[in-house]
Every structure is written in structure tokens, then in C-alpha cells.
Amino acid sequence: MLCRWLCGTQAFFNSIPRVIITEAGRVNGLPNYLDDSYDGYAECVKVQFNPKDITINDLMSYLFEIIDPYSLNQQGQDKGKKYRTGLYSDNVKHLEEA
């Protein structure tokens, strides 16, 4: 089951004009959602966008409206390593720009 933070974050990004689609999930762990044990994953939201319509820097600005990137292993009331701040991309240019 996904937590309130993750569902809220996904809904937030879905509300941003020019975001194509989002997907809630997890990163850096095993892909087995049926196992409730913690395996090092972080909760995340995958945001698909067209860089011609909105930049990664714009998306980061939106993200920092709703999270505290300096809060160690916590976002809002949710605490634990799975709530750590991170940026993941398969596009090196996006990582460099962010």
C-alpha cells in the first residue's frame, strides 16, 4: 500500500501543466510490492515530461515547494529511510541540469 506522502506527491505533479504522466513506486530496492519488509528502497514518483515544454529545473522548483530536501529521512509526518530525498533519472543531462 502506498503512503499518503507518495500519493500526495504524485497528485501534486499530475496537477502541473505540461507534465505528461506520473507513476508512483519505489527505487533502489527489489521490485516486489507484495513483500512488506524494507529492502533499502526509497518511495518515488516517476514524472514523464517533454523538455521542450517544461525544464527539469522547473520541475525541481515545484518539488521544493512540497518537500524539504535537507530533512534527513523524513518528508512531512512520514519518517524513515524510504522517505529520503533523491533524484533519479536515466538521462544524464537532466541530472547535470538539476
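Refer to the preceding data block for the structure.
Note that the structure is predicted; figures quoted are calculated from it, not measured.

**Observations concerning the nonpolar core**
Formed by Phe12, Phe13, Ile16, Val19, Phe49, Ile54, Ile56, Leu59, Met60, Leu63 and Ile67, the largest nonpolar core amounts to eleven residues. Within the residue set of this core, elements represented by two or more residues are α1 (4-14) and α2 (56-66). Per-element tally for this core: the top contributor is α2, with four residues. Residues within four places of Val19 in sequence aside, it is in contact with Phe13, Val47, Gln48 and Leu59.

**Re the pattern of salt bridges**
The tally for this structure, following the rule as stated, stands at two salt bridges. Among the ionic pairs, Arg26 bridges to Asp39, the shortest N-O distance being 3.6 Å. Placement of the pair is Arg26 in strand β1 (residues 19-27) and Asp39 in the loop between β1 and β2 (42-49), with a sequence separation of 13 residues. A relative accessible area of 29% means that Asp39 is categorised as partly exposed. With a shortest N-O distance of 3.9 Å, Lys93 and Glu97 are connected by a salt bridge.

**Some remarks on the packing of aromatic side chains**
All told, the structure shown has two aromatic pairs when counted by the stated rule. Pairing Phe12 with Phe13 gives two aromatic rings, centres 5.6 Å apart and planes at 80°, and the pair type is edge-to-face. Ring centres of Phe12 and Tyr62 lie 6.4 Å apart, and the angle between their planes is 65°; on these two criteria the pair is classed as edge-to-face. One end of the pair, Phe12, is in helix α1; the other, Tyr62, is in helix α2, and 50 residues separate them in sequence. In this structure, Arg26 is placed above the aromatic ring of Tyr41, and the distance from its NZ or CZ to the ring centre is 4.3 Å.

**Regarding α2**
Listed in full, the buried residues belonging to α2 are Ile56, Leu59, Met60 and Leu63. What you see down the axis of α2 is that its buried residues fit within an arc of 100°, all on one side.

**Regarding the environment of Ile56**
With respect to the element layout, Ile56 can be found in helix α2. It is 9.9 Å that separates the C-alpha atoms of Ile56 and Glu96, two residues lying 40 residues apart in sequence. For Ile56, the residues in contact, after removing those within four places along its chain, are Phe49, His94, Glu97 and Ala98.

**Quick look at the environment of Val45**
Tracing the backbone shows Val45 in strand β2. Each C-alpha atom of the pair Val45 and Gln10 lies 6.0 Å from the other, and the pair is 35 residues apart in sequence. Not counting residues within four places of it along the chain, the set of residues in contact with Val45 comprises Leu6, Thr9, Gln10, Thr22, Glu23 and Ala24.

So, how was this worked out
Residues numbered from 1 in each chain as written. Predicted model: local features only at pLDDT ≥ 70, side-chain atom pairs only at ≥ 80, totals over all residues. Heavy atoms only, no water. Core = buried A, V, L, I, M, F, W, Y, C linked by side-chain atoms within 4.5 Å. Buried < 20%, exposed > 50% of the residue type's maximum accessible area, 1.4 Å probe, protein only. Helix = DSSP H or I, 4+ residues; strand = E, 2+ residues; numbered from the N terminus. Contact = heavy atoms within 4.5 Å. Salt bridge = Lys/Arg side-chain N within 4 Å of Asp/Glu carboxyl O. Phe/Tyr/Trp six-rings, centres within 6.5 Å; stacked < 30°, edge-to-face > 60°. Lys NZ or Arg CZ within 6 Å of the ring centre and 35° of its normal. Arc of directions from axis to C-beta.

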